[in-house]
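# Topology and contacts: notes
Chain by chain, the residues:
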Amino acid sequence: MLAFPAGFRIYLAIEPVDMRKQFNGLWALASERLKEDPRQGAVFVFGNKDRDRVKLLYWDGSGVWVMAKRLERGRFSWPIGSDRTKMALTPEALTMLLAGIDLKEGCQKAWYER
């Protein structure tokens, strides 16, 4: 399982993307659709229309990583936030998403908010 340190910036693309996209295509989506600079060290999470595949894009300072996961059965529970383009996730939320835990539209319970 992937683990990112607390405070690590993670952006989830709400709209599905074509999973044939690789380094340059995902980079362009992060820059143009999500309006973020991939060179600032954030992880970008993209999913397909069926929500059974996910790709992560990450710039580590010397090059670009693309990581992919394909579910053999089932689907990822994709949250929906107030911004219809992207959603910021905590490292814990990304771990839960990749583990198949339903994030209930990406909202924390009122008692947990900081």
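Residues numbered from 1 in each chain as written. Predicted model: local features only at pLDDT ≥ 70, side-chain atom pairs only at ≥ 80, totals over all residues. Heavy atoms only, no water.

## Focus: the pairing of strand S1 (residues 10-13)
For clarity, the cut-off: Only protein chains enter the accessibility calculation, which uses a 1.4 Å probe. A residue is then buried if its area is under 20% of the maximum for its type, exposed if over 50%, and partly exposed in between. Secondary structure counts use DSSP, requiring at least four H or I residues in a row for a helix and at least two E residues in a row for a strand, with both numbered from the N terminus. Between any two strands, pairing holds if DSSP finds at least two bridges. The handedness of a crossover follows from its direction of travel: if, with the strands pointing away from the viewer, the path from the first strand over the helix to the second runs clockwise, the crossover is right-handed.
Residues of S1 alternate between two faces, with Ile10 and Leu12 on one and Tyr11 and Ala13 on the opposite face, all of them buried. Pairing geometry for S1 and strand S2 (residues 43-47), over three bridges, is parallel. Bridge pairing in S2 places Ile10 opposite Val43. Following the chain from S1 across helix H1 (residues 23-33) to the adjacent parallel S2, one finds a crossover that is right-handed. In this structure, S1 lies alongside strand S5 (residues 86-89), joined through four bridges in antiparallel fashion. Each residue of the ladder has a partner; that of Tyr11, found in S5, is Ala88.

## A few points about the sheet that holds strand S4 (residues 64-70)
How we decide: In this description, a line fitted to the C-alpha atoms serves as the axis of each element, helices being fitted only across the stretch in contact, and the angle between N-to-C directions of two axes falls anywhere from 0 to 180 degrees.
Read across the sheet, five strands follow the order S4-S3-S2-S1-S5 without closing on themselves; strand pairing throughout is mixed. Edge positions in the sheet fall to S4 and S5, since each has one partner strand and no second. Across the sheet, the mean angle separating the axes of adjacent strands is 20° when strand polarity is ignored. As paired strands, strand S3 (residues 53-59) and S4 are joined by seven bridges and run antiparallel to one another. Counterpart to Trp59 in the pairing with S4 is Val64.

## Examining the nonpolar core
Filter applied, for reference: The nonpolar core is taken to be a set of buried Ala, Val, Leu, Ile, Met, Phe, Trp, Tyr and Cys residues, with the residues joined through side-chain atoms within 4.5 Å. Residue contacts are counted whenever heavy atoms from the two residues lie within 4.5 Å of one another.
Formed by 17 residues in total, the largest nonpolar core has its most connected members in Ile10, Leu12, Val45, Val54, Trp78 and Leu94. Counting residues per element, the ones that place at least two in this core are S1, S2, S3, S5 and helix H2 (91-98). Examining the composition of this core, we find that four residues originate from one element, H2, more than from any other. Other than its neighbours up to four places away in sequence, Leu12 contacts Val45, Trp78, Pro79, Thr85, Lys86, Met87, Leu89 and Leu97.

## Description of the packing of aromatic side chains
The relation between two aromatic rings is expressed through the spacing of the ring centres and the mutual angle of the planes. Defined as follows: Side-chain rings of Phe, Tyr and Trp, where Trp is taken by its six-membered ring, are said to pair if the distance between their centres is within 6.5 Å; with planes under 30 degrees apart they count as stacked, over 60 as edge-to-face, and otherwise as tilted. Our definition puts a charge over a ring when NZ of Lys or CZ of Arg is within 6 Å of the ring centre and also within 35 degrees of the ring normal.
Per the counting criterion, the structure on display carries three aromatic pairs. Ring geometry for Trp27 against Trp59: centres 6.0 Å apart, planes inclined by 80°, an arrangement best described as edge-to-face. Taken as a pair, Trp27 in helix H1 and Trp59 in strand S3 lie far apart in primary sequence, 32 residues in all. Taken as a pair, Trp27 and Trp59 share a single burial class, namely buried. The ring of Tyr11 carries Lys86 above its face, with NZ or CZ at 5.3 Å from the centroid.

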